[in-house]
Protein chains: 2
Amino acid sequence: MNIKIEKLIKQFAKLPRVGTRAASRIVIGLLQDKTGRAEALANALLDAAQTIHPCSTCGVLTDGEICEYCMDSVRQNGQLCIVRDLSDVLVLEKSGVFHGRYHVLGGNLSGVDGITPDDLNIANIAKRLDKENIREIIFALPNTVEGKTTQQYIISSIGNSSIEFSELASGVPLGGDLDYIDDGTLTLAFGGRKKL
Amino acid sequence: MNIKIEKLIKQFAKLPRVGTRAASRIVIGLLQDKTGRAEALANALLDAAQTIHPCSTCGVLTDGEICEYCMDSVRQNGQLCIVRDLSDVLVLEKSGVFHGRYHVLGGNLSGVDGITPDDLNIANIAKRLDKENIREIIFALPNTVEGKTTQQYIISSIGNSSIEFSELASGVPLGGDLDYIDDGTLTLAFGGRKKL
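Source: prediction; values computed, not measured.

Take helix H6 (residues 123-131) of chain A next. All names here are of chain A. Those residues of H6 that sit buried are Asn124, Ile125, Arg128 and Leu129. Angularly, the buried residues of H6 cover 145° about the axis, an arc narrow enough to put them on a single face. Those residues of H6 that are exposed and angled more than 90 degrees off the buried face are Ala123, Lys127, Asp130 and Lys131.

Laid out in structure tokens, this is it:
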């Protein structure tokens, strides 16, 4: 195979949820297309890479100084929801369950991947607490070891007793059949059982 | 969501085998990456889009005038394998089953998608027959209505009785359990049953 095409396929195959086979189909499809889709995609990506950056307040990706969530005056102040990345914000926004302010970390602490607190948007949280009069911090981080470690680190680094901390409930998902639920989730669901 | 990010996600979601959810994860992952992966990918894609084009002889994507398969003097002449696109060439090369010359159509005839013979690399086949002294044309097109229509069109457009035409055998794949095989394949496998 042509070396340029091979390199390009390897780059696409490194993207999340894209394997070598899909990458090969994507690259060949793009290069075979006669309507200029490959160039259009490359230019859009280049433009985004050069202009998109994290919001200086909350870390949401934006091309302005402040993102649309921070600028939105209709959103409630006082509650801060801490999430891993922009896709979590999009999921929460789609569900319409939260109307407060967001804070995007840009990842989770991870010894394996070498991600330390300095790599994440953590130092900014303390600055926001006073400035925005935050009363409650809601952790909506992944229910994994990394997510919980990050959560504990943030709680201990803030160490402000006047702030209320909470995390999303763990348990059986809606419509979830017990047959298909892992032991860890079942243990959490039992431990957190509700009185009726 | 930021309009630039939204547009980029839509462009990625149009790629084969990438849905909206995967596109969203890809774009956010790329833009969040601090090592410049987004720019590197954009530049590699732009470079490929500007320099890669179909080989003037066989249609394989290349950045030279003639592709590596056509230049390869070790490959046998006389047999021409007609395939839909470069990924089919890669699959055949990986299997090591064919050592002749390739001809890439760049698609299949399709009334639904409005693909006519002029859109495909068909006119070139007739020129190659004399020049390369082709004795056999092997069709390795998809086993679909479009693939078979394209095959029939090419056979009738060549109309040269001295050329031998063949197509890949249809039937039960190796390791294939009859339980999981569709009726069409079973019908073909029965019709083409081999005497033992």
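Let's pick the thread back up.
Once that is clear, we can look at the domain arrangement of chain A. Per the domain assignment, the segments making up chain A are domain 1 (3-51) and domain 2 (54-195). For domain 1 of chain A and domain 2 of chain A, the distance between their C-alpha centroids amounts to 32 Å.

A common way to express how large an interface is: the accessible area buried when the components associate. Listed by partner, the interface residues are 51 residues for chain A and 51 residues for chain B. Between chain A and chain B, roughly 5000 Å² of surface is buried when both sides are summed, and carbon and sulfur atoms account for 65% of that area. At the boundary of chain A with chain B, the tally comes to 6 salt bridges. Salt-bridge contacts for aspartate 85 of chain A lead to arginine 25 of chain B; the nearest nitrogen and oxygen are separated by 3.5 Å. For the interface between chain A and chain B, the tally reads 15 residue pairs in polar contact (both at pLDDT 80 or more). Listing elements by their share of the side of chain A that touches chain B, those giving two or more residues are helix H1 (3-13), helix H2 (20-32), helix H3 (37-51), strand E2 (61-62), helix H4 (68-71) and helix H5 (86-95) of chain A. Top contributing element to the side of chain A that touches chain B by residue count: H3 of chain A, with 15 residues.

Further remarks concern the relation of the copies chain A and chain B. The transformation that overlays chain A on chain B combines an axial shift of 0.0 Å with a rotation of 180°, and the residual RMSD is 0.0 Å. Taken together, the rotation angle and the small translation identify this as a two-fold axis. Every residue of chain A has its C-alpha some distance from the rotation axis, and the shortest such distance is that of alanine 42 of chain A, at 2.2 Å. When the interface residues of chain A are mapped onto chain B, 100% of them again lie at the interface, so the same face is used by both copies.

Residues and elements named next belong to chain A. Per-residue confidence for chain A averages 90 on the pLDDT scale, and 99% of its residues sit at or above 70. When mean pLDDT is taken per element in chain A, strand E4 (residues 101-104) scores highest with 95 and helix H8 (residues 183-191) scores lowest with 84. Here the predicted complex carries an ipTM of 0.79, next to a pTM of 0.76.

Let us now look at the side chain of threonine 185 of chain B. All names here are of chain B. Residue placement: threonine 185 occurs in helix H8 (residues 183-191). Here threonine 185 falls in the buried class, since its relative accessible area comes to 18%. Among the polar contacts made by the side chain of threonine 185, one reaches the side chain of aspartate 182 at a distance of 2.6 Å. If we ignore the near neighbours within four places in the chain, the residues touching threonine 185 are Gly171 and Val172.

Moving on to the pairing of strand E4 (residues 101-104) of chain B. All names here are of chain B. Here E4 shows a buried face lined by Arg101 and His103 and a second buried face lined by Tyr102 and Val104. Alignment of strand E3 (residues 79-83) against E4, held across 4 bridges, turns out to be parallel. The partner of leucine 80 across the bridge, within E4, is arginine 101. The β-α-β motif built from E3, the intervening helix H5 (residues 86-95) and the parallel element E4 has right-handed crossover chirality.

How each quantity is defined
- Residues numbered from 1 in each chain as written.
- Chains lettered and ligands numbered in written order.
- Predicted model: local features only at pLDDT ≥ 70, side-chain atom pairs only at ≥ 80, totals over all residues.
- Heavy atoms only, no water.
- Buried < 20%, exposed > 50% of the residue type's maximum accessible area, 1.4 Å probe, protein only.
- Helix = DSSP H or I, 4+ residues; strand = E, 2+ residues; numbered from the N terminus.
- Arc of directions from axis to C-beta.
- Domains from an automatic or database assignment.
- Contact = heavy atoms within 4.5 Å.
- Buried area = accessible area lost by both parts, 1.4 Å probe.
- Salt bridge = Lys/Arg side-chain N within 4 Å of Asp/Glu carboxyl O.
- Polar contact = N/O pair within 3.5 Å; in protein donor to acceptor, adjacent residues only side chain to side chain.
- Least-squares fit on C-alpha atoms with pLDDT ≥ 70 in both.
- pLDDT = per-residue confidence, 0-100.
- Pairing = 2+ DSSP bridges.
- Right-handed = clockwise from strand over helix to strand, strands pointing away.

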